Amino acid sequence: MNIQRIKDLPPLPQRAPDSHKGSCGKVLIIAGSPGMSGAACLAGMGALRGGSGLVFVATPAAIQSIVASVNPCYLTIPLELDSDSQLTSESTAHLLDQLPGFDAVAIGPGCGQHPWVRDLTVQLYSELEQTLIVDADALNSLAALETPLPDAAGPRILTPHPGEFSRLTNVSIKDISADRETHAIQFAQKHQVVLVLKGAGTIVTDGTQLAVNQTGNAGMATGGTGDVLTGLTTSLAGQGMSPFDAAQLGVYLHGLAGDFAADDLSQPAMIAADLLDYIPDAWRELIAETN
Ligand SMILES: NC(=O)C1=CN([C@@H]2O[C@H](COP(=O)(O)OP(=O)(O)OC[C@H]3O[C@@H](n4cnc5c(N)ncnc54)[C@H](O)[C@@H]3O)[C@@H](O)[C@H]2O)[C@@H](O)CC1
Ligand SMILES: Nc1ncnc2c1ncn2[C@@H]1O[C@H](COP(=O)(O)OP(=O)(O)O)[C@@H](O)[C@H]1O
Ligand SMILES: [Mg+2]
């Protein structure tokens, strides 16, 4: 199959003067667990900085107050767990009832490898009609399945780093690193997903198109930067961008924010939360370039 190499960025989501929070995308991020509340916060704030009109973060009830206290701009939904680490039936019903109202959904950052994460990931992967961004422990849940990936009811964007991709494919990190493009394209074709293979020169491919990202730097090799990307990509998908375009633009903006952060703060000192403070500069540069 001929692969189309994409060099140009897609058009940016438009924000009409009469836009309101109901027209800029409403997204849901399912993230976090005790000890990893930060991943939920970083992903939620990444979605806010991406431009979403409304961001909801669903997180285990035990850490809801921690997550909510970090930023007042997203809303939180408590996930009630039973003694088997499963969602209670009331909590499942409450979450599923709200799903049709979201424009895009993400699952995985900081969720840990618990039964509720595995079951909810599989259910959303197969049944959600909107774009689903699958990251971190949701990827690990898919990798642990004894069956092939389920058929998906809607577009899927998978955002593994090489370690997660290795678990998904049963190919060693060394072999993946030797030919990142081929492994990414084959996976995207086989599973009909947009695959974002992270790391220096992040690859975005849907199996027919391929973009190799040119922004970003080694200062981004610090915990939590991927969680910010999940939020950003979910936000762009929720603003109506196609899954491939949302992934390509999200990765580009994320890396550009990282480059601005490194310029000001240095690669060693920058941390994931700094990316959130530099996404505005990245947006400004992109908006100026396209005007
Ligand atoms: N503040 C927080 O709450 C944070 C929570 N996190 C969560 O921590 C959990 C574990 O995720 P981790 O990703 O840390 O652990 P993993 O065990 O999934 O992956 C880490 C390993 O993957 C490999 N790897 C990653 N990037 C690579 C690259 N570019 N090239 C080659 N190999 C690479 C390395 O072997 C590395 O040790 C997830 O739920 C994640 O979302 C992290 O996102 C860090 C921040
Ligand atoms: N050397 C690097 N150059 C460019 N980008 C990098 C580099 N190292 C890490 N990144 C980026 O940082 C992010 C790390 O994501 P991930 O490994 O999921 O981190 P975490 O799970 O800790 O949030 C990815 O977007 C990745 O592309
Ligand atoms: Mg990650």
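Along each chain, residue indices are assigned from 1 in the same order as the chain's sequence is written. For this description, chains carry letters from A and ligands carry numbers from 1, given in the order in which they are written. Note on the predicted model: pLDDT of at least 70 is required for a residue's local features to be given, and 80 or more for side-chain atom pairs to be given and counted; whole-chain, interface and lining totals, by contrast, use all residues. The side-chain quantities take in all heavy atoms of the structure and omit both hydrogens and water.

Colleague: I'm lost on the packing of aromatic side chains in this one. Help?
Modeller: Given two aromatic rings, their pairing is described by the distance between the two centres and the angle made by the two planes. Each aromatic pair joins two rings of Phe, Tyr and Trp (for Trp, the six-membered one) with centres within 6.5 Å, and gets the label stacked for planes under 30 degrees apart, edge-to-face for over 60, and tilted for any other angle. Evaluated as defined, the whole model comprises two aromatic pairs. Ring plane angle 80° and centroid distance 5.3 Å describe the contact between Phe-56 and Phe-102, whose orientation is recorded as edge-to-face. A residue pair is termed long-range when its members are at least 10 positions apart, and Phe-56 in strand β3 (residues 54–60) and Phe-102 in the loop between α3 (89–98) and β5 (104–107) qualify at 46 residues. Comparing Phe-56 with Phe-102, the two get one shared label, buried. Here the guanidinium or amino end of Lys-26 rests over the ring plane of Phe-102, the centre of that ring lying 5.1 Å away. In this structure, Arg-156 packs its charged tip against the face of Tyr-125, placed 5.5 Å from the ring centre. The way it works is that DSSP assigns letters per residue, a run of H or I at least four long becomes a helix, a run of E at least two long becomes a strand, and they are numbered from the N terminus. Exposure is judged per residue with a 1.4 Å probe applied to protein chains only, and the accessible area is read against the type maximum: over 50% gives exposed, under 20% gives buried, and values in between give partly exposed. Look at NZ for Lys and CZ for Arg. If either is within 6 Å of the ring centre and within 35 degrees of the ring normal, a charge sits over the ring.

Colleague: What am I meant to see in the UniProt feature "binding site: AMP" (unreviewed entry) in the protein here?
Modeller: According to UniProt, the positions carrying the feature "binding site: AMP" (unreviewed entry) are Lys-198, Gly-199, Ala-200, Gly-201, Thr-202 and Gly-226. Their sequence span is 29 residues, while the largest C-alpha to C-alpha distance among them is just 14.0 Å; these annotated residues converge on one region. Those annotated residues from the list above that line the largest pocket are Lys-198, Gly-199, Ala-200, Gly-201, Thr-202 and Gly-226. Mapping Gly-201 onto the fold places it in the loop between β8 (194–197) and β9 (203–205). Dropping the residues within four chain positions of it, Gly-226 is found in contact with Asp-135 and Lys-198. UniProt positions are given in the numbering used here, feature names are shortened, and annotations may be inferred rather than shown by experiment. Only protein atoms enter the 1 Å grid, on which a cavity is a set of points fitting a 1.4 Å probe that cannot get out and a pocket is an open set with protein on both sides within 12 Å along at least 5 of 7 lines, lining residues being those with an atom within 4 Å of a point. Whether two residues touch is decided by their heavy atoms; if any such pair falls within 4.5 Å, the residues are in contact.

Colleague: Help me out: how do you make sense of the UniProt feature "domain: YjeF C-terminal" (unreviewed entry) in the protein in this one?
Modeller: Under the present numbering, the feature "domain: YjeF C-terminal" (unreviewed entry) in UniProt falls on residues 4–286. Segment residues 4–286 splits into 47% helix and 14% strand. End C-alpha atoms: 23 Å apart.

Colleague: What is the right way to look at the pattern of salt bridges in this model?
Modeller: Side chains that differ in sign of charge can pair as their charged atoms come close. Each salt bridge in this description consists of a side-chain nitrogen of Lys or Arg and a carboxyl oxygen of Asp or Glu lying within 4 Å of one another. One pass over the structure, following the stated rule, counts four salt bridges. For Arg-5, the salt bridge goes to Glu-181, with nearest N and O atoms at 2.5 Å. Placement of the pair is Arg-5 in strand β1 (residues 4–5) and Glu-181 in helix α8 (residues 180–191), with a sequence separation of 176 residues. Overall, Glu-181 belongs to the partly exposed group, its relative accessible area being 23%.

Colleague: Just checking my understanding: could you explain the site of ligand 1 for this structure?
Modeller: If even one non-hydrogen atom of a residue comes within 4 Å of a molecule or strand, that residue is called near it. Ligand 1 sits among 17 residues. The nearest are Gly-110, Asp-137, His-161, Arg-167 and Asp-227. By the criterion applied in these results, polar contacts are pairs of N or O atoms within 3.5 Å in which, for protein atoms, one can donate a hydrogen and the other can accept it, and in which residues neighboring in sequence qualify only through two side-chain atoms. In this structure, Ala-39 approaches ligand 1 through a main-chain N or O atom, which is 3.0 Å from an oxygen atom. In this structure, Asp-227 approaches ligand 1 through a side-chain N or O atom, which is 2.8 Å from an oxygen atom. The method behind every accessible area is Shrake-Rupley, applied with a 1.4 Å probe, and residues are considered shielded solely by the protein chains displayed. Taken by itself ligand 1 offers 860 Å² of open surface, and the protein chains cover 55% of this. Lys, Arg, Asp and Glu make up the charged group, whereas Ala, Val, Leu, Ile, Met, Phe, Trp, Tyr, Cys and Pro make up the nonpolar group; the residues left over, Gly among them, are polar. By residue class, the composition of the shell around ligand 1 is six nonpolar, seven polar and four charged.

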